[in-house]
Amino acid sequence: MHRGPWADIDLNAICANFAMIRSAVRGAKMSAVVKCDAYGLGMAPIARALAEREQCDVFFVVYPEEGVRLREALNAAEPVIYVFDGPNEQTLPLFEKHNLTPTLNSLDEAKLWTARMNGAPAGVHIDTGMNRRGAAINDIADIARLDLNITLAMSHLACGATPAHPKNRRQREMFIDAAAHFPGARLSLSASAGALMDPEFHFDLVRPGIALYGGTPFEIDDQRIAPAVALRAPIVQLHSLPLGETVGYGATFIAQRETLIATAAIGYGDGFPRAGGNRHQAVVNGARAPIAGRISMDFITLDVTDLEAPPRLGDMAEFFGPGMRLHETAKNCAMAPYDLLTGLGARVDRRYL
Ligand SMILES: *Cc1c(COP(=O)(O)O)cnc(C)c1O
C-alpha cells in the first residue's frame, strides 16, 4: 500500500475539457499543448487518450526531445508535432528522423531550415508583443521571401488572463498584418485563454494547455473547465492537543481550544507550496479542514476538530480536485494553476482514471 501522496488524473475529464473547448471555438481546429510532461501529469497517457478518443492530431511541445518521446508514445507518423524551440545544428537530425515540425523563431532559424530541410513543413512564431520567443515583426517579410513551406503562423497573447486588457486587441491586429505574409498557413493566436475568449481570437487553430488539465487560464475561475486532477494524501496520524499547545515548525499554530490535528502524508517536498501553511484547507470526508501550522517537507497538519466525525487513519485529504477547485487552491497558495501542477514532485504517484 502506497502511503504517500498521489494525483488522480481523470483522462475522461481531460477529454471532456478538450471537447468543451472544441465547441467553444466552433470551426477552429483543435490541438493539445503537452509540453513539460503535459504540465507534470504525464505526456504519454494524456496524448494517447486525446489522440484516440478525441482524434487530436496536432500537438505542441517545447523541445525536440519532448517531441521524440511524444512520437514514440503516439506510435504513429501522422499526428503533427510542433516544437516551439526552433531547430539548430545539433537538433536538426531529431527533427528529421522523428518528423517534428519546428515553429521558427527567427530569420536565422528560417534560413537554417530552408537550407537543410528543403520543403519540409514548418511553423513560424511571430512576436507580437510578448517579447519572449518568436521572430521580430521586422524580420517577417524576409522570412516570407525564403523558400519555406509554412503550415502555421502563430503568436502568443501576453495578457490572456485578463480578456479586457487592451494589449490583447493590439497583438491581434499586429498578428493579422504579419500573418498575411503567409497565405496558405493556418493562423493561431490563442492558448486556453484566447480559445475561451471572443471568436475574433480563435483564428484557424487554438493551442490549449492548462484548460485541458482543469486549470483556469483567467484571473477569475471559469466553471466551464472541469476538474481533471485531484491531489490527495492519506492521514497517517492524529493528535489531541490541550489548549495552548502548538503545531509544527516555529510553533505558528496555537490551539485556542482542545484541538484534534490530523497529519496528512504530503509536504512541500511533493510540490505543495509552503505558502499554503495556516492559509489553505483540505477536504476530509466531505468537509473542509484548515491547514494548521507550517507545511513541512513531508507532512501537512490539519485542524479537524470541527469535522462531524473524527477522521480515521488512512482517510483521505484532498488538496484540490472535485471537492476543491484547483483555482482556489492556487489562489490560497499565492500561485497559479500552472506552477501548482508543474511543481508536483516526483514522489506524487500519478494514477490514471
Ligand atoms: C504553453 C503555451 C501554450 C498553452 O498555454 P495555456 O495557457 O496552458 O493554454 C500555447 N502557446 C504557447 C506558445 C505556449 O508557450
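Residues numbered from 1 in each chain as written. Predicted model: local features only at pLDDT ≥ 70, side-chain atom pairs only at ≥ 80, totals over all residues. Heavy atoms only, no water.

## Description of the nonpolar core
Core analysis: the largest hydrophobic core is formed by 105 residues, its most contacted members being Ile21, Tyr213, Leu302 and Phe319. With 7 residues, the top contributor of residues to this core is helix α1 (residues 11-24). Two domains share this core, each providing at least three of its residues, namely domain 1 (11-213) and domain 2 (229-352). The residues touching Tyr213, leaving out its near neighbours within four places in the chain, are Ile14, Val33, Val34, Ala38, Tyr39, Leu41, Ile46, Ala228, Val229 and Leu341. (Core = buried A, V, L, I, M, F, W, Y, C linked by side-chain atoms within 4.5 Å. Buried < 20%, exposed > 50% of the residue type's maximum accessible area, 1.4 Å probe, protein only. Helix = DSSP H or I, 4+ residues; strand = E, 2+ residues; numbered from the N terminus. Domains from an automatic or database assignment. Contact = heavy atoms within 4.5 Å.)

## Description of the pairing of strand β6 (residues 121-125)
Along any regular strand the residues' side chains alternate between the sheet's two faces. Taken across its 5 residues, β6 has 4 buried, putting it largely inside the fold. Strand direction decides the pairing type here: strand β5 (residues 101-104) and β6, joined by 2 bridges, are parallel. Of the residues in β6, the one forming a bridge with Leu104 is Val124. After leaving β5, the chain enters helix α6 (residues 107-116) and then returns to the sheet as β6, a path that is right-handed. Bridge count for β6 against strand β7 (residues 149-154) is 5 bridges, and the pairing is parallel. Opposite Pro121, over in β7, you have Asn149 as the bridge partner. (Pairing = 2+ DSSP bridges. Right-handed = clockwise from strand over helix to strand, strands pointing away.)

## Concerning the sheet that holds strand β8 (residues 186-188)
Across the sheet, 7 strands lie side by side as β2-β3-β4-β5-β6-β7-β8; this open sheet has parallel pairing. Here the strands that pair on one side only, and so sit at the sheet edges, are β2 (32-33) and β8. Where α6 meets the sheet, it contacts β5 and β6, and its direction lies at approximately 145° from that of β5. (Axes fitted to C-alpha atoms, helices over the stretch in contact; angles between N-to-C directions.)

## Things to note about the environment of Ile176
Relative to the elements of secondary structure, Ile176 occurs in helix α8 (residues 166-179). Residue Ile176 is classed as partly exposed on the basis of its relative accessible area, which comes to 35%. Taking the C-alpha atoms as reference points, Ile176 and Phe203, 27 residues apart in sequence, are found 9.6 Å from one another.

## Quick notes on the domain arrangement of the protein chain
How big an interface is tends to be reported as the loss of accessible area on association of its parts. Looking at the protein chain, the domain boundaries give domain 1 (11-213) and domain 2 (229-352). Its C-alpha centre places domain 1 at a distance of 37 Å from the equivalent point of domain 2. In this assembly, 9 residues from domain 1 lie in contact with 7 residues from domain 2. It is Tyr39, Leu41 and Ile210 that lose the most area in domain 1 upon contact with domain 2, and together they represent 56% of the buried surface on that side. Counting across the domain 1 and domain 2 interface gives 0 salt bridges. (Buried area = accessible area lost by both parts, 1.4 Å probe. Salt bridge = Lys/Arg side-chain N within 4 Å of Asp/Glu carboxyl O.)

## Observations concerning the side chain of Thr329
In this structure, Thr329 sits in helix α10 (residues 326-332). Looking at Thr329, its side chain comes within polar contact range of the side chain of His280, at 3.2 Å. (Polar contact = N/O pair within 3.5 Å; in protein donor to acceptor, adjacent residues only side chain to side chain.)

## Things to note about the environment of Gly321
On the secondary structure map, Gly321 appears in the loop between β16 (316-320) and α10. Classification of Gly321 as buried rests on a relative accessible area of 2%. Along the sequence, Gly321 and Ser240 sit 81 residues apart, while their C-alpha atoms lie 28 Å from each other. The residues contacting Gly321, other than those within four sequence positions of it, are Pro227, Val229 and Ala230.

## Details of the site of the ligand
Not every one of the 14 residues close to the ligand is listed here, only the nearest: Lys35, Tyr39, Ser192, Gly209 and Tyr338. Contact between the ligand and Tyr39: an oxygen atom at 2.5 Å from a side-chain N or O atom of the residue. In the model, an oxygen atom of the ligand is placed 2.8 Å from a nitrogen or oxygen of the Ile210 main chain. Bound to the protein, the ligand loses 92% of the 390 Å² it would expose on its own. Comparing atom positions with the cavity grids shows the ligand to sit within the largest pocket. Its residues placed into classes, the shell around the ligand shows 8 nonpolar, 3 polar and 3 charged. (Near = heavy atom within 4 Å. Areas by Shrake-Rupley, 256 points an atom, 1.4 Å probe, with all protein chains shown as cover. 1 Å grid on protein atoms, 1.4 Å probe; cavity = no way out; pocket = protein on both sides within 12 Å on 5 of 7 lines; lining within 4 Å. Sits in = over half its atoms within 2 Å of the grid points. Nonpolar A, V, L, I, M, F, W, Y, C, P; charged D, E, K, R; others polar.)

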